[in-house]
Amino acid sequence: MSIDINQFTKLFMVDDLAIHIDEVPWVPQGDRVWFKPVRFSLANGQWINLLKVKPGGVVNRHRHTGGQVMAYTLQGQWRYLEREWVAKPGTFVYEPPGDIHTLVVEGEEEMMTLFILEGSIQYLNDQDEIIGQDDVFSKIKRYKEYCEQHNLEMRKDLFF
Ligand code: FE
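These lines cover the structure that appears in this document, whether it is placed above or below.

About the thresholds
- Residues numbered from 1 in each chain as written.
- Predicted model: local features only at pLDDT ≥ 70, side-chain atom pairs only at ≥ 80, totals over all residues.
- Heavy atoms only, no water.
- Pairing = 2+ DSSP bridges.
- Helix = DSSP H or I, 4+ residues; strand = E, 2+ residues; numbered from the N terminus.
- Axes fitted to C-alpha atoms, helices over the stretch in contact; angles between N-to-C directions.
- Contact = heavy atoms within 4.5 Å.

What to know about the sheet that holds strand β2 (residues 33–41)
Then step 1. Read from one edge of the open sheet, six strands run β1-β2-β3-β10-β5-β8, paired in antiparallel fashion. On the outer flanks of this sheet lie β1 (27–30) and β8 (92–95), each paired with one strand and no other. Looking at each pair of strands side by side, their axes are set apart by 30° on average, direction ignored.
Then step 2. As defined by bridge partners, strand β3 (residues 46–53) adjoins strand β10 (residues 111–117) across seven bridges and the pair is classed as antiparallel. Each residue of the ladder has a partner; that of N49, found in β10, is F115.
Then step 3. Set on the sheet, helix α2 (residues 136–149) makes contact with β1, β2 and β3; between it and β2 the angle comes to about 115°.

This is how it looks when you write it as structure tokens:
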């Protein structure tokens, strides 16, 4: 007997998922910068994280390669030194592969923004030489080391 396509799909599909952000720790990323991971995709190198930057915090000048970036601002204000616009709650940002910029948070309020990233982030010095790199694996490494230092279980459901 043949089965309905929806019943058939259930045999193969992956599980759905709901992660509350309060259940994920803030992992330090730099001076006045933290992230909470919500997805590490090992199949395509994508990662999704909530980024928090306190006033005066900077994400050093970097170049995106091998993928695009999308961001949705939830709280506070931030901007790129190289751009005219200012992101505030409700601002959606798209960063194409090849984009180079420096993220800064000025003023009094910390910012929180959901970032969906792919590929690599290449940190550049003033001579445009690559001095560091982040990708899905370096983000996993930071999260894993934070969990080990604080006796937390790494959440397996963030890997999908
Ligand atoms: Fe960027």
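Having seen it, we continue.
What to know about the sheet that holds strand β7 (residues 86–87)
One key point about sheets: their strands pair by backbone hydrogen bonds, in either a parallel or an antiparallel sense.
Then step 1. Across the sheet, which stays open at both edges, the six strands sit in the order β7-β6-β9-β4-β11-β12 with antiparallel pairing between neighbours. One side of each edge strand has no neighbouring strand; the edge strands of this open sheet are β7 and β12 (130–134).
Then step 2. As judged from the four bridges shared by strand β11 (residues 120–124) and β12, these two strands associate in the antiparallel manner. Looking across to β12, one finds that Y123 is bridged to G132.

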